[in-house]
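Reading the structure
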Amino acid sequence: MPDTPAPPPVILGDEPGSFPHGVLAERHPAIIRQVRDAFPYDRAVHRALDALLESCVKGVIEPLPADAHDGERWRDWGLDAYAGRSWFDVPWLWSESYFYRRLLDAVGYFGTGVWQGIDPFRPFKLAELDAPETDEELAVLDTLETRPADERARALLHGSLWGNRADLGFRLSDAEAEQRDAAPGLVADDSEALWSLLPAPDRGAGTGDESAAAPTRTVCLIADNAGRELIPDLLLAAHLLAHGRAGRVVLQVKPYPYYVSDATPADVVDALRKLTRAPGAAAGYGRRLWEAMADGRLTVRAHPFSAGPLPYAELPDDLRAEFAAAAVTIVKGDLNYRRLVGDRRWPPTTPFAEVTAYFPGPVAALRTLKSEVITGLSARTEAALVAAEVQRWRTGGTHALVQVRP
Ligand SMILES: O=P(O)(O)OC[C@@]1(O)O[C@H](CO)[C@@H](O)[C@@H]1O
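Criteria and cut-off values
Residues numbered from 1 in each chain as written. Predicted model: local features only at pLDDT ≥ 70, side-chain atom pairs only at ≥ 80, totals over all residues. Heavy atoms only, no water. UniProt positions renumbered as here; feature names shortened; annotations may be inferred. Near = heavy atom within 4 Å. Polar contact = N/O pair within 3.5 Å; in protein donor to acceptor, adjacent residues only side chain to side chain. Areas by Shrake-Rupley, 256 points an atom, 1.4 Å probe, with all protein chains shown as cover. pLDDT = per-residue confidence, 0-100. Contact = heavy atoms within 4.5 Å. Pairing = 2+ DSSP bridges. Helix = DSSP H or I, 4+ residues; strand = E, 2+ residues; numbered from the N terminus. Axes fitted to C-alpha atoms, helices over the stretch in contact; angles between N-to-C directions.

Going by what an unreviewed UniProt entry lists, the chain is known as Damage-control phosphatase ARMT1-like metal-binding domain-containing protein and is assigned to Streptomyces phaeofaciens. Checking UniProt for the chain, the heading Sequence similarities (unreviewed entry) contains the comment "Belongs to the damage-control phosphatase family. Sugar phosphate phosphatase III subfamily." Check the Cofactor (unreviewed entry) section of the UniProt entry for the chain; it says "Mn(2+)".

Next up, the structure:
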């Protein structure tokens, strides 16, 4: 049997000065401060936030409270092995996920008191949804109305891709991120392979009702951020449904607030309301999506694994079966990319198809580059990026990719 080389090391946060270390040592304390200032929390919450702040920079990972509703799940996800160790010495992906779980505990999200179920990130998400930039982006839909369907499809795909820059956690530790111009061109672009997985029906042979053409084709869309990313994701979903490229879209969101701006079911509702109340063409998209929710062509799922600390190689059976049955699973964003390829120090030219071979069905990644993990670059692209930016291209959020494994 041929020897399979061992995969490269998993990323930890233990190297001072590195990007992952900065997230644990600086971004997490900043998130605690921001959340604390955004609500009139009581003394118990302030004390719990103080304790989390102390623990996450100087302390060790502590177990969940004995009565935690998801204690067993987190034990299955490795808590027993990591409890008592420094946040910096365990897989970075795991540390980050557990931080958000602990933050929700600290603010009483899972408790029985007054703060139960209150999203600590909601004020930031709403501010973004109401920002003039969001309205400007929606107004662009009016100019697309008269364009051919294929051109509209490509524009909406790019809208969804670049929407991934709208990540409130990222902007917290990189305040200039939004001002930096996006780099023209993608570092990898398999968008044609994506479209060939989702062919538009042949209009000549059709009944006139294009949406009837692909009744059985399901697209799974693993969403990332709420607001200015989720809206273009929903617009893309609406287009796929309306033009018969998909008969059904399953939108996977997080079951609870996570990574500051990650979308939850409540955020989907906010985004749909925003669309239906917008002027111009946007309202039509909103109305069609509303109807699609009602008749089951658009479903929202919030699986616990979506906010789990593990790579997708460890998908639970039910999700595995869902993705296996989909025409394609579209995986949005940086964190989901890390989970898809494994949060490891891959040489950038490692083939994307190789590292995602385990995925149960066709998969497409739409991501702006905001962390060090990368696969599937050509040697030429990597060399050009390094020549221009040393390693800054990996984390600056200015580059993007569409990678597909059919
Ligand atoms: O998944 P997203 O929203 O595109 O990005 C998440 C992110 O901002 O958070 C992580 C660091 O905390 C990185 O993976 C990335 O920079």
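**A word on the site of the ligand**
What surrounds the ligand is a group of 17 residues, the closest being E96, D167, D334, L335 and K370. Within the contact set of the ligand, an oxygen atom lies 3.0 Å away from a side-chain nitrogen or oxygen of R27. Here D224 contributes a side-chain N or O atom positioned 2.9 Å from an oxygen atom of the ligand. Burial of the ligand by the protein amounts to 99% of the accessible area it has alone, namely 390 Å².

**Focus: the confidence of the model for the chain**
Chain-level statistics for the chain give a pLDDT mean of 94 and a share of 95% at 70 or above. A low-confidence stretch, residues 204-209 (pLDDT under 50), is modelled with 0 contacts involving residues beyond four sequence positions or located in other chains. Taken over the whole predicted complex, pTM reads 0.95, whereas the ipTM for its chain interfaces reads 0.96.

**Description of the sheet that holds strand 5 (residues 328-332)**
The mixed open sheet is built from 7 strands, whose spatial order is 1-7-6-5-2-3-4. Bordering the open sheet on either side are strand 1 (188-189) and strand 4 (298-301), each of which pairs with just one other strand. Against the sheet, helix 11 (residues 230-242) makes contact with strand 2 (218-222), strand 3 (248-252), strand 4 and strand 5, and its axis sits at roughly 160 degrees relative to strand 3, the strand it touches most.

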